[in-house]
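Survey of secondary and tertiary structure
Residue-level listing of the chains:
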Amino acid sequence: MSLATKGLLITLAGVLVISPDVLLVRLIDADTLTKLFWRGLLSGLVILGVWGVFLQRRPMRDVVRVGRSGWALAAIFALGTFYFLYAVEKTQAANVLLISATSPVIAALISIVVLKEHVDRLTWVGIGGALLGVFVIAAGSAGGEGNLMGDMAAFGGAVSLALTFSIARAQKNISMVPAMGLSGLLTALAAGLLAPSLVVPIHSWVLMLALGAVVVPLGFGLLTTGPQYIGAAEVSLILLLEALLGPVLVWWVIGEFPGQAALWGGSIILSALAGVNLIRLKGAASG
């Protein structure tokens, strides 16, 4: 198996694993802070446990070694988790996932401002299309098809994810996997201090374990590993599948129709990002 094929399969598997995330959050019968606590605690312990047991590493030592960048990544990703779950509770699932799909273009904007990187005309087209799609979705929520505060939280989550990508990219020589585990524990700590109760009904524990111990750590683990073998354009195209699969699962299981604004805005976002990345791939193949 070639490295490109390996990276493709790993990233695709990550998308398939993470796609039920929103659906599971909706199905678990508990308040948002309780979900945040157990999702963060379970995923953090699993990530650090796998890092220590299966990879024969020292997770706590490696957490210390990630330095200020790792701690910043952990804090930002934890904040993004709060935004994400708040958005899932407040607005349409399709809105959350489609707005989250704009994180690569937000990361490109961050690279312009912070890293002073040059961005070509094609990337600006993708940025413009993605932001236009977000505006259409938000306009639909303002008109009653969703929740504008939920959409804003989803955008905040996308910004947090973009910042996480940017930090990881800037620290290529240091593995940020321990920082992801630390982020889960920070999320649990903050949610535990704020939650009125941490009780999850017995009938929801299977779903909670599936979410916190399998879907989140395994999904993000695969999505972090796959891009080591394939280019950014291929990764971005595969990641768009989550923005399609997630809302379909929610629609199929609990009957939540995305709404016309989400369909139109989502079409703009996915068309812009897919078009830009397909052009890049074609140019790379011909070059």
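In this report, we go over the structure that sits alongside the text. Predicted, not measured: the structure shown is a model, and the values here were computed from it.

Considerations on the overall build of the protein
In terms of regular secondary structure, the protein is built from 13 helices and zero strands. Ordered by position from N to C terminus, the α and β elements of the protein give α-α-α-α-α-α-α-α-α-α-α-α-α. For the protein, with 287 residues in total, the buried portion stands at 46%. Nonlocal contacts in the protein, meaning residues at least 24 apart in sequence, comprise 88% of its contacts between residues at least 6 apart. When the accessible surface of the protein is split by element, carbon and sulfur atoms take 70% of a total near 13,800 Å².

Notes on the packing of aromatic side chains
Under the counting rule described, the total for this entry stands at three aromatic pairs. Centre to centre, the rings of Phe37 and Trp38 are 4.9 Å apart; their planes meet at 85 degrees, and the pair counts as edge-to-face. A relative accessible area of 14% places Phe37 in the buried class. The interplanar angle of 90 degrees and the centroid separation of 5.4 Å between the aromatic rings of Phe77 and Phe220 together place this pair among those described as edge-to-face. One end of the pair, Phe77, is in helix H5 (residues 67-90); the other, Phe220, is in helix H11 (residues 205-225), with 143 residues separating them in the sequence.

What about the packing of helix H3 (residues 32-53) against H5?
Relative to each other, H3 and H5 sit at 135 degrees, their axes nearing to 10 Å. Classified by the interaxial angle, the pair formed by H3 and H5 is oblique. When the axes of H3 and H5 are compared, the crossing they make is right-handed. Only Thr81, Phe82, Phe84, Leu85, Tyr86 and Glu89 of H5 make contact with H3, whose side of the interface consists of Thr32, Leu33, Lys35, Leu36 and Arg39. Considered class by class, the residues forming the contact of H3 with H5 number six nonpolar, two polar and three charged.

Notes on the side chain of Thr164
Residue placement: Thr164 occurs in helix H9 (residues 148-170). Assessed through its relative accessible area of 5%, Thr164 is described here as buried. Leaving out residues up to four positions away in the same chain, Thr164 has contacts with Leu73, Ile76 and Phe77.

Details of the nonpolar core
Core analysis: the biggest nonpolar cluster contains 51 residues, and Val22 and Leu98 have the highest contact counts within it. When residues of this core are assigned to their parent elements, the largest contribution, six residues, is made by helix H6 (residues 93-100). Sequence-distant contacts of Leu98, that is, excluding residues within four places in its chain, are made with Ile137, Ala243, Ala262, Gly266, Ile269 and Leu270. Counting residues in hydrophobic clusters, the runner-up holds seven residues, among them Ile47, Leu73, Ile167 and Met176.

Observations concerning a nonpolar patch on the surface
A surface patch of nonpolar side chains, about 380 Å² in accessible area, is lined by Leu12, Leu16, Leu241, Leu244 and Leu245. Of all the secondary structure elements, the ones that give two or more residues to the nonpolar patch are helix H1 (3-18) and helix H12 (232-254). For the nonpolar patch, the element with the most residues is H12, which contributes three residues. On the secondary structure map, Leu12 appears in helix H1.

As for the side chain of Lys35
Position of Lys35 among the secondary structure elements: in helix H3. Only 2.7 Å separates the side chain of Lys35 from the backbone oxygen of Val25, close enough to count as a polar contact. Non-local contacts of Lys35, meaning those with residues more than four positions away in its chain, are made with Val25, Ile28, Ala30, Leu85, Glu89 and Met208.

Cut-offs used in this document
- Residues numbered from 1 in each chain as written.
- Predicted model: local features only at pLDDT ≥ 70, side-chain atom pairs only at ≥ 80, totals over all residues.
- Heavy atoms only, no water.
- Helix = DSSP H or I, 4+ residues; strand = E, 2+ residues; numbered from the N terminus.
- Buried < 20%, exposed > 50% of the residue type's maximum accessible area, 1.4 Å probe, protein only.
- Contact = heavy atoms within 4.5 Å.
- Areas by Shrake-Rupley, 256 points an atom, 1.4 Å probe, with all protein chains shown as cover.
- Phe/Tyr/Trp six-rings, centres within 6.5 Å; stacked < 30°, edge-to-face > 60°.
- Axes fitted to C-alpha atoms, helices over the stretch in contact; angles between N-to-C directions.
- Parallel < 35°, antiparallel > 145°, perpendicular 65-115°, else oblique.
- Left-handed = near helix turned anticlockwise from the far one by under 90°.
- Nonpolar A, V, L, I, M, F, W, Y, C, P; charged D, E, K, R; others polar.
- Core = buried A, V, L, I, M, F, W, Y, C linked by side-chain atoms within 4.5 Å.
- Patch = residues over 30% accessible without salt bridge, like charges linked within 9 Å, V, L, I, M, F, W, Y side chains within 5 Å.
- Salt bridge = Lys/Arg side-chain N within 4 Å of Asp/Glu carboxyl O.
- Polar contact = N/O pair within 3.5 Å; in protein donor to acceptor, adjacent residues only side chain to side chain.

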